[in-house]
Structure formats: C-alpha cells, structure tokens
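Geometric and topological summary
As a plain string of letters, each chain reads:
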Amino acid sequence: MKKNFIWIMSPITLGVALILDAAVLGFGIFAVKKLTEIQNARIIFFCAVVVLSIVVAFMYTKEIMKNGIIFHEDELEFTGVDDKNIFSYDEISLIETYQDTTASLIKNFIDRSALMIITLNDKTVYTINLGLTTKGTLDKIREELSKHIESEKISKADPKRVSHNKSKDPIKKDDTDEK
C-alpha cells in the first residue's frame, strides 16, 4: 500500500518552535550552572521546573512535526486531527481549499490559517483548519488530491463563504446554496 505524506506546517511555525526549544535549553544550562554554584531549595525547584519545561517543549515540537496529511490508496488522513480525520475518496463530493492572501494589519493569525472544506456525498461538511501553511503546500495537496479524485471535485473556496469574525464556525450559511 503506497502512502504519501505532506507536511502542513509553515517554516515560520517550525522556526518559532525551534527558537522556543533553544530558549528552554538555555534556561536548562543556566539552571545547571546555578545548581553547581549554589545548592538550595529554590535552585533545585528551578531545575525541576526547567527539566519539566524541556520535556514539554520537545513533546510540543514532536507533535507539530508530525502534523500533515497522509494520502493512502483509498482514503486521506489528517494526522493533526483527533476525531473524524479519515475520509474515503469515494465519499467525497467536493474539496475546497482556502488561504487568505490579502494584505492586512488588523487580522489575527487565526484568520491567516489555511482551511480545507470537505463536503461528503451525504452533504455533511467538515472544515479542517490546516494552520499557517504555505501556498506551495496547498498546491501540493491539490495536486495529490487530483491523483485520487476527479479534478472537478477540487476547487479553491470562495472567500465570501469564509468568515473573518470571531465565530467558531468559519463557514457562513448561504441561503442561495439551499435553494
């Protein structure tokens, strides 16, 4: 069974995670130096907190490094989603990808996240937040999808359908779609 994995994390996100890991390691070195100079309860407690921080930082980096999409022969799997993360190609009626590329100084990072909107044959719609990813990664995803499903089922989402407000559902209901 052939599998193809596409990593969806942006280089900026990886850079930030590695910088945070380096900072935690720096605090670890500082803590060990202080522990060799002075041994008291505060320094020992500080070292314990730093060790815990190092473990958490590396677990976080490991988790974000494995986020992506696995394309199997008959289904696709989102590794960063815990529930309802596997979709059979036969069940998909439409896949739309969206990424905000307009310039703005007032939008939050969440508004810059790439989205994949999957509509199944039974009209169930799932919106998968891919996070901050590059345009090239979205192009690779569309290219790989076109190997498994018809090209007519793959499109870029209409920006008018995607909301930029603080609501939890990024898809606006459109009355014209239901008629």
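Located above this text is the structure these notes cover.
Residues numbered from 1 in each chain as written. Predicted model: local features only at pLDDT ≥ 70, side-chain atom pairs only at ≥ 80, totals over all residues. Heavy atoms only, no water.

Focus on unusual backbone geometry
As a reminder, the rule being used: Helix and strand assignments come from DSSP, with helices taken as H or I runs of at least 4 residues and strands as E runs of at least 2, each series counted from the N terminus. Burial classes: relative accessible area under 20% of the type maximum marks a residue as buried, over 50% as exposed, and values in between as partly exposed (1.4 Å probe, protein chains only).
A positive phi angle, close to 70°, is found at Lys123, a residue other than glycine. With respect to the secondary-structure elements, Lys123 resides in the loop between strand E6 (114-120) and strand E7 (125-131). By relative accessible area, Lys123 is classed as exposed at 66%.

Some points on the pattern of salt bridges
Rule in force here: What counts as a salt bridge is simple: a side-chain nitrogen of Lys or Arg found within 4 Å of a carboxyl oxygen of Asp or Glu.
Within this structure, the stated rule accounts for five salt bridges. When the shortest N-O distance is used, the salt bridge between Glu144 and Lys147 registers 3.4 Å. Residue Glu144 and its partner Lys147 are both found in helix H3 (residues 135-148); the two are separated by three residues, about one turn of the helix. What makes Glu144 buried here is its relative accessible area of 7%. When its relative accessible area of 56% is taken as the criterion, Lys147 is described as exposed.

Examining the nonpolar core
General note: in soluble globular proteins, nonpolar side chains tend to be found buried as a group. The condition that has to hold: For this analysis, a nonpolar core means a set of buried residues of the types Ala, Val, Leu, Ile, Met, Phe, Trp, Tyr and Cys, connected via side-chain atoms within 4.5 Å. The contact criterion used is simple: two residues touch if any of their non-hydrogen atoms lie within 4.5 Å.
Core analysis: the biggest nonpolar cluster contains 21 residues, and Ile69, Leu76, Phe78, Met116, Ile118, Leu130 and Ile141 have the highest contact counts within it. Elements that contribute at least two residues to this core include exactly strand E2 (68-71), strand E3 (75-78), strand E5 (92-98), E6, E7 and H3. Broken down by element, the residue count for this core peaks at four residues, all from E6. Those residues in contact with Phe78 that sit more than four places away from it in its chain are Gly68, Ile69, Asn85, Phe87, Met116, Ile118, Ile128 and Leu130.

Here's the deal with the sheet that holds strand E1 (residues 4-7)
Note the following rule: Two strands are said to pair when DSSP picks up at least two bridges between them. Every angle, taken between N-to-C directions, lies between 0 and 180 degrees, and every axis is a line fitted to C-alpha atoms, over only the stretch in contact when it is a helix.
Strand order in the open sheet formed by four strands is E1-E2-E3-E4, and the pairing between neighbours is antiparallel. For this open sheet the edge positions go to E1 and strand E4 (86-88), each flanked by a neighbour on one side alone. Put simply, the sheet's adjacent strands are angled 15° from each other on average, direction ignored. Each of E1, E2 and E3 touches H3; the most contacted strand, E1, lies at about 160° to it.

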